[in-house]
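A look at the structure
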Amino acid sequence: MELTVYLAGQIHDDWRNELKQKAEEKKLPLHFVSPQTNHEHSDNIGEQILGKQPSNLYKDDAASSVNNLRTEVLMNRADVVIALFGEQYKQWNTAMDASTAIALNKPTIIVRPDSLIHPLKELSNKANVTVETIDQALEVLAYIYA
């Protein structure tokens, strides 16, 4: 049984590739999907499809519409969502994706450091499982196959 895992979270470092590599090493039958991880492509997709927009407001609105559609399709196909909250970047998109997953009744694993326990307490309470590392998140998924 292969599970599709939506990897929500910031796109500024290599955490997704690290998680995928570790899942492969554990021989977990997982297929991964995620938001668009090419930041420039994500920011410009609206104009690439709809043409030049009259201001940054409209540029962002157009890109958001396309990105939200992509997220909705991929998240709806996912069996489980892992939402990683890091310390370095603002985590608005991660919070939105985690909230959406929970509202869709998708099994949700939140990964967050100790420093974010308080600001994420309500979200963590709604998720199925909250852990501190991607290794722990993978162990939760491995337990499904135990």
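Our subject is the structure listed above.
A brief report on the enclosed structure follows. Note that the coordinates shown come from a computational prediction; the quantities given were computed from them, not determined experimentally.

Each helix and strand in the chain was counted, giving six helices and five strands. Its helices and strands in sequence order give the chain the pattern β-α-β-α-α-β-α-β-α-β-α, from N to C terminus. Its C-alpha atoms give the chain a radius of gyration of 16 Å, within 12% of the compact-globule value 15 Å for 146 residues. Over its C-alpha atoms, taken along the principal directions, the chain stretches across nearly 55 × 35 × 25 Å.

Let us now look at helix H2 (residues 39-50). Among the residues making up H2, those that are buried are Ser42, Ile45, Gly46 and Glu47. Buried residues belonging to H2 abut helix H3 (56-77). Where H2 begins, one side-chain oxygen reaches toward the backbone nitrogen of Glu40, 3.2 Å away; that side chain belongs to Asn38. Gly51 sits one or two residues past H2 and shows a positive phi near 95°.

Reading across from one edge, S2-S1-S3-S4-S5 is the order of the five strands in this open sheet, with parallel pairing throughout. What marks the edges here is a single partner per strand, and that holds for strand S2 (30-33) and strand S5 (129-131). The sheet shows a mean angle of 25° between the axes of neighbouring strands, taken without regard to direction. Here strand S4 (residues 108-111) pairs with S5 via three bridges, running parallel. What sits directly across from Val111, in S5, is Val131. Across the face of the sheet, helix H6 (residues 134-144) comes into contact with strand S1 (3-9), S2, strand S3 (80-84), S4 and S5 while running at roughly 160° to S4.

This paragraph deals with the pattern of salt bridges. By the definition in use, this model includes five salt bridges. Between Glu18 and Lys22 there is a salt bridge, and its shortest N-O distance comes to 3.2 Å. Taken together, the positions of Glu18 and Lys22, both in helix H1 (residues 15-25) and four residues apart, correspond to about one turn of that helix. Linking Lys121 and Glu122 is a salt bridge whose minimum nitrogen-to-oxygen distance equals 3.5 Å. The exposure class assigned to Lys121 is partly exposed, which follows from its relative accessible area of 39%.

Scoring rules and cut-offs
Counting of residues starts from 1 at the beginning of each chain's written sequence and follows it residue by residue. Selection of residues for local features in this predicted model requires a pLDDT of at least 70, selection of side-chain atom pairs for listing and counting requires 80 or more, and totals for whole chains, interfaces and linings are taken over all residues. Side-chain metrics rest on all non-hydrogen atoms present in the structure, leaving aside hydrogens and water. Numbering of helices and strands runs from the N terminus, with a helix taken as a DSSP run of H or I at least four residues long and a strand as a DSSP run of E at least two residues long. It is over C-alpha atoms that the radius of gyration is taken, and the globule rule equals 2.2 Å times the number of residues to the power 0.38. Partly exposed residues are those whose accessible area sits between 20% and 50% of the maximum for their type, while under 20% is buried and over 50% is exposed, using a 1.4 Å probe and protein chains only. Should any heavy atoms of two residues lie within 4.5 Å, those residues are counted as being in contact. Within 3.5 Å is the distance limit for a polar contact, defined as a pair of N or O atoms, with the added protein rule that one can donate a hydrogen and the other accept it, and that residues adjacent in sequence qualify only through two side-chain atoms. In this description, strands pair whenever DSSP reports at least two bridges between them. Angles here are taken between N-to-C directions and fall from 0 to 180 degrees, while the axes themselves are lines fitted to C-alpha atoms, restricted in helices to the stretch in contact. In what follows, salt bridge is the name for a side-chain nitrogen of Lys or Arg lying within 4 Å of a carboxyl oxygen of Asp or Glu.

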